[in-house]
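These are the residues of each chain, in order.
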Amino acid sequence: MLRKFGYSEEDLIEETKKIAPLLKHVHLSDNFGFEHTELPMGMGNVPLKEMMKELGKKGFEARKIIEAAAWWQHWKTPPFQETLEAVGSPIYGMKMAPYWNQAAGLYQGYFSGFGQMLPGIHYETFGAGFSRLPAELGGQIQGAQGSRMSGRPME
């Protein structure tokens, strides 16, 4: 939040160099430089990668605490995935691709695909929208023209 006091990105990186020898743990919280918004890393403008580079081995080995209470409060999901994406963390421990920021189609979360509430099978079965569903399930037309939920009685 030092940007509101005139610090530039370069100034922040210089300040990081000064505290590197004193480092015990790292609190990860992103923002836009003016308020304590507690965003997951990568959603604001904190130069995290450059700062972690300046912290060196101590920064890599230090315990990290993700401070994203506002995210948790609003979305009710942990900010862990977004933080892994922001720092360019590999999915596998062998430090090779794919990375979390390339994994949008590999998981069913809120921000990729339709998640658990709208699995792809619904679109394969009922088409691209809800119009083919019966009216009592939110569809627009009664009967749904021959879909699996056409409203025809079972014989």
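Examining the packing of helix α1 (residues 9-19) against helix α2 (residues 48-61)
Following both chains from N to C, one finds α1 and α2 inclined at 25°, their axes separated by 8 Å at the closest point. One way to sum up the angle between α1 and α2 is to call them roughly parallel. You can see that α1 and α2 cross each other, and the crossing is right-handed. Judged by residue contacts, E9, L12, I13, T16 and K17 of α1 engage E50, M51, E54 and L55 from α2.

Description of the pattern of salt bridges
For the structure shown, the criterion picks out four salt bridges. One salt bridge in this structure joins R3 and E9, with 3.9 Å as the shortest N-O distance. You can call R3 partly exposed: its relative accessible area is 21%. Among the residues examined, E9 registers a relative accessible area of 33% and is labelled partly exposed.

Focus: a nonpolar patch on the surface
On the surface, L2, F5 and Y7 cluster together to form a nonpolar patch covering roughly 300 Å² of accessible area. Secondary-structure assignment places F5 in the segment before α1.

Reading the values: rules and limits
Residues numbered from 1 in each chain as written. Predicted model: local features only at pLDDT ≥ 70, side-chain atom pairs only at ≥ 80, totals over all residues. Heavy atoms only, no water. Axes fitted to C-alpha atoms, helices over the stretch in contact; angles between N-to-C directions. Helix = DSSP H or I, 4+ residues; strand = E, 2+ residues; numbered from the N terminus. Parallel < 35°, antiparallel > 145°, perpendicular 65-115°, else oblique. Left-handed = near helix turned anticlockwise from the far one by under 90°. Contact = heavy atoms within 4.5 Å. Salt bridge = Lys/Arg side-chain N within 4 Å of Asp/Glu carboxyl O. Buried < 20%, exposed > 50% of the residue type's maximum accessible area, 1.4 Å probe, protein only. Patch = residues over 30% accessible without salt bridge, like charges linked within 9 Å, V, L, I, M, F, W, Y side chains within 5 Å. Areas by Shrake-Rupley, 256 points an atom, 1.4 Å probe, with all protein chains shown as cover.

Geometric descriptors of this kind do not, in isolation, establish any biological role.
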